[in-house]
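Now for the letters of each chain:
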Amino acid sequence: MQRRHFLQTSVAALAVTGSSSAIHATTKTPAHHDITISRFKFVPDTLDVRIGDTITWLNKDIAPHTATANDDSWTTDELGKKQSQTLTITTEMSGKYYCVYHPHMKAKLIITS
Amino acid sequence: MKLKMTLLAASLIVSMTGTAKADDPSKLNDLEIAHVAYVADVIDIRYAHLALAISSNPDIHEFAKTMIRDHEAVNEQALALLGKLNAQPQDNFLSQSLQKGAEELITEMSQLRGDAFDKRYAENELAYHKAVNNLVETAFIPNIENAEVKSLFEAGLEIFKAHESHAEMMVKKVN
């Protein structure tokens, strides 16, 4: 019964929008991800995300850190101890990022379809 | 082996500071250790301010700003913990030795300009962090009695090891 309802919903969405991506849109709700900054590392340092998902970076170190795109297109700005920042994933956030204060701290966001 | 490393670190700091006093840093109590750490932080902040005033190298500036930001953050935590414990750090031979050495080095570095300053600053940052990290790891952490103080030193060591790696990168950049 549930499966039938799902199919009906999907077919109805397809009929309204005429595209398969609309099915994806109706069946995938944005997810939330947490990245911890601890001991001068982003954990996890590689994360698969989708456009519209949210990520919260939480700094557990005493030293202030940032999560900043290698091309500077986005940043959390400075995060002091126990401070966090949440950003919504957009297309340009795909790729590598680092901490501007400690350049050896590196990580990556992979945007999946 | 540990004792050997401790003495090596202590002798390196003593030689960096030009003092020949042969006291044993592993005999310091928690409040004396806290004083040494606070002084060591303040010294590196002073070196960083000197670098901001003299150097025109953007990499040196970024590094110096990170040293100020991080060492101030550690000292803020240290003062908060000492306040919570209602304790006062105690001056000692090693703090005095560090301060004396720092005064001499600041006088020396103040005379330098351009690449000569950048190289001296970066090389000193590497040597200084190596020596202090060795001391913290082998003489201080194993001997600290208070669990909260020990935990703060362990967190601080993580930061200063990162600084040591960063300083290594800086030395390569300016040479």
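Rules used throughout
- Residues numbered from 1 in each chain as written.
- Chains lettered and ligands numbered in written order.
- Predicted model: local features only at pLDDT ≥ 70, side-chain atom pairs only at ≥ 80, totals over all residues.
- Heavy atoms only, no water.
- Helix = DSSP H or I, 4+ residues; strand = E, 2+ residues; numbered from the N terminus.
- Buried < 20%, exposed > 50% of the residue type's maximum accessible area, 1.4 Å probe, protein only.
- Contact = heavy atoms within 4.5 Å.
- Areas by Shrake-Rupley, 256 points an atom, 1.4 Å probe, with all protein chains shown as cover.
- Polar contact = N/O pair within 3.5 Å; in protein donor to acceptor, adjacent residues only side chain to side chain.
- Salt bridge = Lys/Arg side-chain N within 4 Å of Asp/Glu carboxyl O.
- Pairing = 2+ DSSP bridges.
- Axes fitted to C-alpha atoms, helices over the stretch in contact; angles between N-to-C directions.
- 1 Å grid on protein atoms, 1.4 Å probe; cavity = no way out; pocket = protein on both sides within 12 Å on 5 of 7 lines; lining within 4 Å.
- Points joined across faces, edges and corners; volume = space filled by probe spheres on them.
- Buried area = accessible area lost by both parts, 1.4 Å probe.
- Patch = residues over 30% accessible without salt bridge, like charges linked within 9 Å, V, L, I, M, F, W, Y side chains within 5 Å.
- Parallel < 35°, antiparallel > 145°, perpendicular 65-115°, else oblique.
- Nonpolar A, V, L, I, M, F, W, Y, C, P; charged D, E, K, R; others polar.

Examining the overall build of chain A
- Regarding its fold elements, chain A presents 2 helices and 8 strands.
- Secondary structure elements of chain A occur, N-terminal to C-terminal, as α-α-β-β-β-β-β-β-β-β.
- A buried classification covers 35% of the 113 residues belonging to chain A.
- The long-range share in chain A, meaning contacts at least 24 apart out of those at least 6 apart in sequence, stands at 48%.
- Of the roughly 6,700 Å² that chain A leaves accessible, carbon and sulfur atoms contribute 52%.

Side note on the side chain of B:S26
Residue and element names in this part refer to chain B.
- Along the chain, S26 falls in the loop between α1 (2–17) and α2 (30–54).
- Here D24 takes part through its side chain, which lies 2.7 Å from a polar atom of the side chain of S26.
- Setting aside chain neighbours within four positions, we find S26 in contact with A139 and N143.

Re the pattern of salt bridges
- Under the counting rule described, the total for this entry stands at 9 salt bridges over all chains.
- Between A:E78 and B:R69 there is a salt bridge, with the nearest N and O atoms lying 3.8 Å from each other. Taken together, the residues A:E78 in the loop between β5 (68–69) and β6 (84–88) and B:R69 in helix α3 (residues 58–84) connect one chain to another.

Side note on the sheet that holds strand β2 (residues 41–43) of chain A
Residue and element names in this part refer to chain A.
- Strand order in the open sheet formed by 4 strands is β2-β1-β4-β6, and the pairing between neighbours is mixed. Two strands bound the open sheet, and with one partner strand each, they are β2 and β6. Neighbour to neighbour, the strand axes of the sheet diverge by 20° on average, direction disregarded.
- For strand β1 (residues 32–38) and β2, the ladder comprises 3 bridges, and the chain directions are antiparallel. Following the sheet pairing, S38 is matched in β2 by K41.

Side note on empty space enclosed by the protein
Residue and element names in this part refer to chain B.
- Counted according to the given criterion, the structure contains 1 cavity of 30 Å³ or more.
- The calculated volume of the largest cavity comes to roughly 320 Å³.
- Around the largest cavity, the lining is made up of 25 residues, and of these A37, Y38, D41, F153 and F160 lie nearest the centre.
- Counting residues per element, the ones that place at least two in the lining of the largest cavity are α2, α3, α5 (114–140) and α6 (147–174).

Remarks on unusual backbone geometry
Residue and element names in this part refer to chain A.
- The amide bond that connects V43 to the next residue, P44, takes the cis arrangement and shows omega of 0°.
- Structurally, the position occupied by P44 is in the loop between β2 and β3 (46–49).
- The phi dihedral of D72 is positive, around 65°, even though this residue is not glycine.
- Secondary-structure assignment places D72 in the loop between β5 and β6.
- For D72, a relative accessible area of 55% gives the class exposed.

With respect to the interface of chain B and chain A
- Contacts between the two partners involve 12 residues from chain B and, on the opposite side, 11 residues from chain A.
- Between chain B and chain A, roughly 1,100 Å² of surface is buried when both sides are summed, and carbon and sulfur atoms account for 69% of that area.
- Where chain B touches chain A, the interface holds 2 salt bridges.
- For the pair chain B and chain A, the interface holds 4 residue pairs in polar contact (both at pLDDT 80 or more).
- Broken down by secondary-structure element, the contributors of at least two residues to the side of chain B that touches chain A are α3 and α6 of chain B.

Here's the deal with a nonpolar patch on the surface
All names here are of chain B.
- Among the surface-exposed residues, Y38, V42 and L79 lie close enough to one another that they form a single nonpolar patch of about 230 Å² accessible area.
- Its place among the elements puts L79 in helix α3.
- A relative accessible area of 45% places L79 in the partly exposed class.

Concerning the packing of α2(B) against helix α4 (residues 93–110) of chain B
Residues and elements named next belong to chain B.
- Two elements in contact, α2 and α4, have axes whose closest approach is 9 Å; the angle formed by their N-to-C orientations is 5°. For the element pair α2 / α4, the angle class is roughly parallel. Listed contacts from α4 to H35, V36, V39, A40, I43, R46, Y47, L50 and I54 of α2 are L94, S95, L98, Q99, A102, E103, L105, I106, M109 and S110.
- Split into classes, the residues belonging to the contact of α2 with α4 amount to 13 nonpolar, 4 polar and 2 charged.

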